[in-house]
Amino acid sequence: MTDKKMSLLMFSGEYDKAMAGLILANAAKDIEVDVTMFFAFWGLTLLRDPDKMTTEDKSVYEKMMSWMTPKGPEDLPLSRMNFGGLGKLMLTEMIEDNEAPKLIHYLKGARKKNIRFYACKLSVEIMGFKPEELIPELEIVDAQTYLRDALQSDIQLFI
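Read on for a plain summary of the structure. As a convention, each chain's residues are numbered from 1 in the sequence order in which they are written. In keeping with the predicted nature of the model, local features appear solely for residues at pLDDT of at least 70, side-chain atom pairs appear and are counted solely at 80 or more, and the whole-chain, interface and lining totals rest on all residues. The basis for every side-chain value is the complete set of non-hydrogen atoms in the structure, without hydrogens or water.

It is worth spelling out the side chain of Arg48 at this point. Of note, Arg48 is situated in the loop between strand 2 (34-39) and helix 2 (60-68). Only protein chains enter the area calculation, which uses a 1.4 Å probe; residues under 20% of their type maximum are buried, those over 50% are exposed, and those in between are partly exposed. Two residue types count as positive, namely Lys and Arg, and two as negative, namely Asp and Glu; His and chain ends fall outside the count. What makes a salt bridge here is a side-chain nitrogen of Lys or Arg within 4 Å of a carboxyl oxygen of Asp or Glu, nothing more. Although Arg48 lies buried, it forms no salt bridge, and the closest oppositely charged side chain, Glu133, sits 4.7 Å away as judged by the N-O distance. A polar contact of 2.5 Å, which involves the side chain of Arg48, links it to the side chain of Thr69. Excluding its chain neighbours within four sequence positions, the residues that come into contact with Arg48 are Met53, Ser66, Thr69, Pro70, Lys71, Gly72, Pro73, Phe129, Glu133 and Leu134. Strands here mean DSSP runs of E at least two residues long; helices mean DSSP runs of H or I at least four residues long; both are numbered from the N terminus. Contacts described as polar in this section are N or O atom pairs within 3.5 Å, which, within protein, must combine one atom able to donate a hydrogen with one able to accept it, while residues neighboring in sequence count only if both atoms come from side chains. Pairs of residues are marked as contacts when any of their non-hydrogen atoms sit within 4.5 Å.

With that settled, the discussion passes to the packing of aromatic side chains. Aromatic pairing here means that ring centres of Phe, Tyr or Trp (its six-membered ring) are within 6.5 Å. Orientation follows from the plane angle: under 30 degrees is stacked, over 60 is edge-to-face, and everything else is tilted. One pass over the structure, following the stated rule, counts 4 aromatic pairs. For the ring pair Phe38 and Tyr146, a centre distance of 4.3 Å and an interplane angle of 20° mean the geometry is stacked. Of this pair, Phe38 sits in strand 2 while Tyr146 sits in helix 6 (residues 143-151); the two residues are 108 residues apart in sequence, bridging distant segments of the chain. Across this residue pair, the class does not change: Phe38 and Tyr146 are buried. The rings of Phe11, Phe41 and Phe158 are connected pair by pair, giving a single aromatic cluster.

Tallied over the entire structure, the rule returns 9 salt bridges. Between Arg116 and Asp34 there is a salt bridge whose closest N-O contact spans 3.2 Å. Note that Arg116 is positioned in strand 3 (residues 116-120) and Asp34 in strand 2, a separation of 82 residues in sequence. Taking relative accessible area as the criterion, Arg116 reaches 26% and is therefore assigned partly exposed. Linking Arg116 and Asp149 is a salt bridge whose minimum nitrogen-to-oxygen distance equals 3.3 Å. Linking Arg116 in strand 3 with Asp149 in helix 6, this pair joins segments that are 33 residues apart in sequence. Look at the salt bridges and you will find they share partners, linking Lys5, Asp34, Arg116 and Asp149 into a network.

So, to be careful, I would describe these as geometric facts and stop short of saying anything about function.
Right under this line is the structure:
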């Protein structure tokens, strides 16, 4: 057992960047590194459960944000060459052709491996997400809680 820690701040809401972060998180956990992932702003869209989305008790802006942002991990666009979804379609077909796991599989793996998921409380509030719309493993914390954890980490990444 190692006493190493890794902290990832997931800010991006793009498929390829989310995949990179989750690949690293899973790989680190496999070599017994303690992993924390902190999701802020667009990164939160990765953790939305499309089956639990609601517009109940939301302002007009929060409802609009809900409708206009990706509904979950498989709806995330690419950071480059998205071309209205065509680039992502090409990438996901290339992933399948290589029999490699998709983003959703890395997310499921991270959840099974008990990687700690934190959400930025302020980001959740500003983006208009309700806690019940997000994966149940997610703990909503303030920035200071994340920073305390990150300061104890051997590896810190911002994605």
